[in-house]
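Examining the three-dimensional arrangement
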Amino acid sequence: MKELTSSQVSTVVADANSVDAAILSRFSARAYLDKPVEKSVLEDILQVAARAPSGTNTQPWKVYVVQGATKNKLVNEVCDAHNAMATHPELAIEYAEEYDYYPSKWVSPFIDRRRECGFGLYGVLGIGKGDKDKMHLQHQQNYRFFGAPVGLIFTIDKVMGRGSLLDYGMFLQSVMVAARARGLHTCPQAAWNHFSKIIFKHVGAGDNEMMVCGMALGYADEAALVNTFKTTRVDANDFTHWVE
Ligand SMILES: Cc1cc2nc3c(=O)[nH]c(=O)nc-3n(C[C@H](O)[C@H](O)[C@H](O)COP(=O)(O)O)c2cc1C
């Protein structure tokens, strides 16, 4: 990876289209090719993302790159726990997330967008509203990193405040955009947050750490139906208020 040698001020981004294409072509890929990712490519992505801004440059991120035998063991144990939860819903307490990713009470317009996303994804896959078994299996793809060769686990030190999660989001987006620049795709995954107890054991994370989220990374399978699912966005004019 090349360092920026010239002045940060005078550097001109030569091609706005490439930057936009990296951002615009990012989507949550949920099926991957069985094709390994070079370690040097992963290192470059993380070096680029490390330039993400953070309040007073605290850089609150910590990343576990999970591959190979450890990934397989982790996946198997979490899938078993996910299956156990389906038959014993009371286990949900044991696998509670450490922070609330979603609101406890949903209101419009967020609930409407959430539904559109869920129904849209299951619709593409032909999974009907009441088809609990198929939904369970599709959801479980999360715990297989959707077949991606690389699993990323992101944690933060528990001493950090809410603001650090803002920094973290910028880091995560930087990882995803840098991945796009190298022909790779990603899927950020809060689904893993329920299973930090199991994950931490496998990756060697400490008691001082809190799970932020997971992420699948690899070469997306273009032929997979699930990757044809496209989400919509509210137009910028609808959320922007010009105040003069
Ligand atoms: C922090 C975060 C966590 C997410 N967790 C999951 C997840 O656990 N499983 C999943 O399939 N998608 C997950 N997503 C993907 C979102 O559903 C997706 O970003 C959104 O629907 C917009 O679609 P797009 O990413 O394809 O543009 C997550 C996204 C973010 C930013």
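These lines cover the structure that appears in this document, whether it is placed above or below. None of these values were measured; they are calculated from a predicted model.

1. Here we look at the site of the ligand
Near the ligand you find 15 residues, and of these Ser-28, Arg-30, Asn-142, Ala-190 and Arg-233 are the closest. Separating a nitrogen atom of the ligand from a backbone N or O atom of Ala-190 is a distance of 2.8 Å. The separation between an oxygen atom of the ligand and a polar side-chain atom of Arg-233 is 2.8 Å. Protein coverage of the free-state accessible area of the ligand, which is 620 Å², stands at 75%. Sort the elements by how many residues they give to the shell around the ligand and strand S3 (residues 185-189) lands first, with three residues. For the shell around the ligand, the residue count by class is eight nonpolar, four polar and three charged.

2. Examining the environment of Leu-74
Relative to the elements of secondary structure, Leu-74 occurs in helix H3 (residues 68-87). Residue class for Leu-74 comes out buried when judged on its relative accessible area of 0%. Through-space distance from the C-alpha of Leu-74 to that of Ile-198 is 7.4 Å; in sequence the pair is 124 residues apart. Leu-74 has contacts with Val-66, Ile-199 and His-202, leaving out every residue within four places of it along the chain.

3. Details of unusual backbone geometry
With glycine set apart, most residues show a phi of negative sign, and most peptide bonds adopt trans. In this model, Ser-108 is joined to Pro-109 through a cis peptide bond whose omega is 5°. Structurally, Pro-109 is set in the loop between H3 and helix H4 (110-124). Here the phi dihedral of Gln-59 falls at roughly 45°; this positive angle occurs in a residue that is not glycine. Tracing the backbone shows Gln-59 in the loop between helix H2 (39-49) and strand S1 (62-66). One non-glycine residue, Phe-145, lies in the positive phi region at around 55°. Positionally, Phe-145 belongs in the loop between helix H5 (132-140) and strand S2 (150-157). Looking at Phe-145, the relative accessible area reads 0%, which means it is buried.

Analysis parameters
In this numbering scheme, every chain counts its residues from 1 along its sequence in written order. Given that the model is predicted, a residue must reach a pLDDT of at least 70 before its local features are reported, and side-chain atom pairs must reach 80 or more before they are shown or counted; all residues, however, enter totals for whole chains, interfaces and linings. Side-chain numbers here rest on the full set of heavy atoms in the structure, without hydrogens or water. One heavy atom within 4 Å of a molecule or strand is enough for the residue carrying it to be called near that molecule or strand. Here a polar contact means two N or O atoms within 3.5 Å. Within protein one must be a hydrogen donor candidate and the other an acceptor candidate, and residues neighboring in sequence count only if both atoms are side-chain atoms. Accessibility throughout is a Shrake-Rupley quantity obtained with a 1.4 Å probe, and a residue counts as covered only by protein chains that appear here. Strands are runs of DSSP state E lasting at least two residues, helices are runs of H or I lasting at least four, and both sets are numbered from the N terminus onward. In this classification, the charged set is Asp, Glu, Lys and Arg, the nonpolar set is Ala, Val, Leu, Ile, Met, Phe, Trp, Tyr, Cys and Pro, and all remaining amino acids, among them Gly, are polar. Accessibility here uses a 1.4 Å probe with only protein chains present; expressed as a share of the type maximum, an area under 20% marks a residue as buried, one over 50% as exposed, and anything in between as partly exposed. Here, two residues are considered to be in contact whenever any of their heavy atoms come within 4.5 Å of each other.

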